[in-house]
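Fold and contact review
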Amino acid sequence: MKFKIDTKEKIVVFCPEETALDANLSDDFLRTVTALPELKGRNLILDLALVQKTDTAGIEAILTVYQCMYDNKFSCAITGLNSALTTGLRAAGGDMLNLAPTLAEATDLVMMEELERELLDGME
C-alpha cells in the first residue's frame, strides 16, 4: 500500500495514496497503520482525500484502526471523505466517529480530546 505520513508532536496524519480501500487492501491498510512506529505515543488522523470508494471490508478496517486508537487511550479523526464514504462510515460507525471536513478541524478535534484526557488525568 502506498501512503504518506506527516508526523507532528502529538499527531500522525496517515494518507493512503490509493483510490479504493476494498477487500484487497483492507488487511494491508490495517497492518500498515497499526504498525507505524511514528504512532507510538501519538494520536491519529486518517486523511482519506484520495480514497474514492470502499467496500464493507474497507469500512471495517477503518473502524478497527479507529477503535484501536481509543482502546490505547489515544484519539482518532477522519477527514477528506467524499459523500459516499461519509455515508458508509456513519452507517457502520454511527455518531461515535470524529469526522471532520478539513485537516485543520480534524486536528482541533484530536487536540481537544487530548486536552480533555490530560485534564481528567490531572483530577484523579
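What counts and how
Residues numbered from 1 in each chain as written. Predicted model: local features only at pLDDT ≥ 70, side-chain atom pairs only at ≥ 80, totals over all residues. Heavy atoms only, no water. Pairing = 2+ DSSP bridges. Helix = DSSP H or I, 4+ residues; strand = E, 2+ residues; numbered from the N terminus. Contact = heavy atoms within 4.5 Å. Axes fitted to C-alpha atoms, helices over the stretch in contact; angles between N-to-C directions. Buried < 20%, exposed > 50% of the residue type's maximum accessible area, 1.4 Å probe, protein only. Lys, Arg positive; Asp, Glu negative; His and termini not counted. Salt bridge = Lys/Arg side-chain N within 4 Å of Asp/Glu carboxyl O. Polar contact = N/O pair within 3.5 Å; in protein donor to acceptor, adjacent residues only side chain to side chain. Left-handed = near helix turned anticlockwise from the far one by under 90°. Nonpolar A, V, L, I, M, F, W, Y, C, P; charged D, E, K, R; others polar. Phe/Tyr/Trp six-rings, centres within 6.5 Å; stacked < 30°, edge-to-face > 60°.

1. Let's talk about the sheet that holds strand β7 (residues 99-100)
- On the basis of which strands lie adjacent, the open sheet formed by five strands has the order β1-β2-β4-β6-β7 and mixed pairing. Each having just a single partner strand, β1 (3-7) and β7 make up the two edges of the open sheet.
- Looking at chain direction, β1 and strand β2 (residues 11-16) are connected through five bridges and run antiparallel. By the bridge assignment, Lys4 is partnered in β2 with Cys15.
- Contacts from helix α1 (residues 23-34) reach β1, β2 and β4 (43-47), with the element oriented near 155° to β2.

2. Examining the side chain of Glu18
- When you line up the elements, Glu18 lands in the loop between β2 and β3 (20-21).
- The side chain of Glu18 is buried and forms no salt bridge, while Lys2, the nearest opposite charge, is found at 5.9 Å.
- A polar atom in the side chain of Glu18 sits 3.0 Å from the backbone nitrogen of Lys2.
- In contact with Glu18, not counting residues within four places along its chain, are Met1, Lys2, Leu25, Leu50 and Val51.

3. Brief notes about the packing of helix α2 (residues 56-71) against helix α3 (residues 83-93)
- α3 packs onto α2 with a crossing angle of 65° between their chain directions and a minimal axis gap of 10 Å. Both α2 and α3 take part in a crossing whose hand is right-handed. In this structure, α2 contributes Ile59, Ile62 and Leu63 to the contact, and α3 contributes Gly88, Leu89, Ala92 and Gly93.
- Considered class by class, the residues forming the contact of α2 with α3 number five nonpolar, two polar and no charged.

4. Thoughts on the packing of aromatic side chains
- Applying the stated criterion to the full structure yields three aromatic pairs.
- For the pair Phe14 and Phe29, a centre-to-centre distance of 5.9 Å together with 70° between the ring planes defines the contact as edge-to-face. With Phe14 in strand β2 and Phe29 in helix α1, the pair connects residues that are 15 residues apart, well separated along the chain.
- On the basis of an interplanar angle of 35° and a centroid distance of 5.2 Å, the ring pair of Tyr66 and Tyr70 is categorised as tilted. Of this pair, Tyr66 and Tyr70 both sit in helix α2, separated by four residues, roughly a single helical turn.
- Classification of Tyr66 by relative accessible area gives buried; the value is 2%.
- Given the relative accessible area of 26%, Tyr70 is considered partly exposed.
- Every member of this aromatic cluster is reached through a ring pair, and the members are Phe3, Phe14 and Phe29.

5. Notes on the pattern of salt bridges
- Considering all chains together, one arrives at four salt bridges under this definition.
- Taking the shortest distance from any N to any O, the salt bridge between Lys8 and Asp6 comes out at 2.8 Å.
- The exposure class assigned to Lys8 is partly exposed, which follows from its relative accessible area of 36%.
- Since its relative accessible area comes to 36%, Asp6 is described here as partly exposed.
- A salt bridge links Arg117 to Glu114, with the shortest nitrogen-to-oxygen separation between them at 3.0 Å. Of this pair, Arg117 and Glu114 both sit in helix α4 (residues 103-123), separated by three residues, roughly a single helical turn.
- What makes Glu114 buried here is its relative accessible area of 14%.

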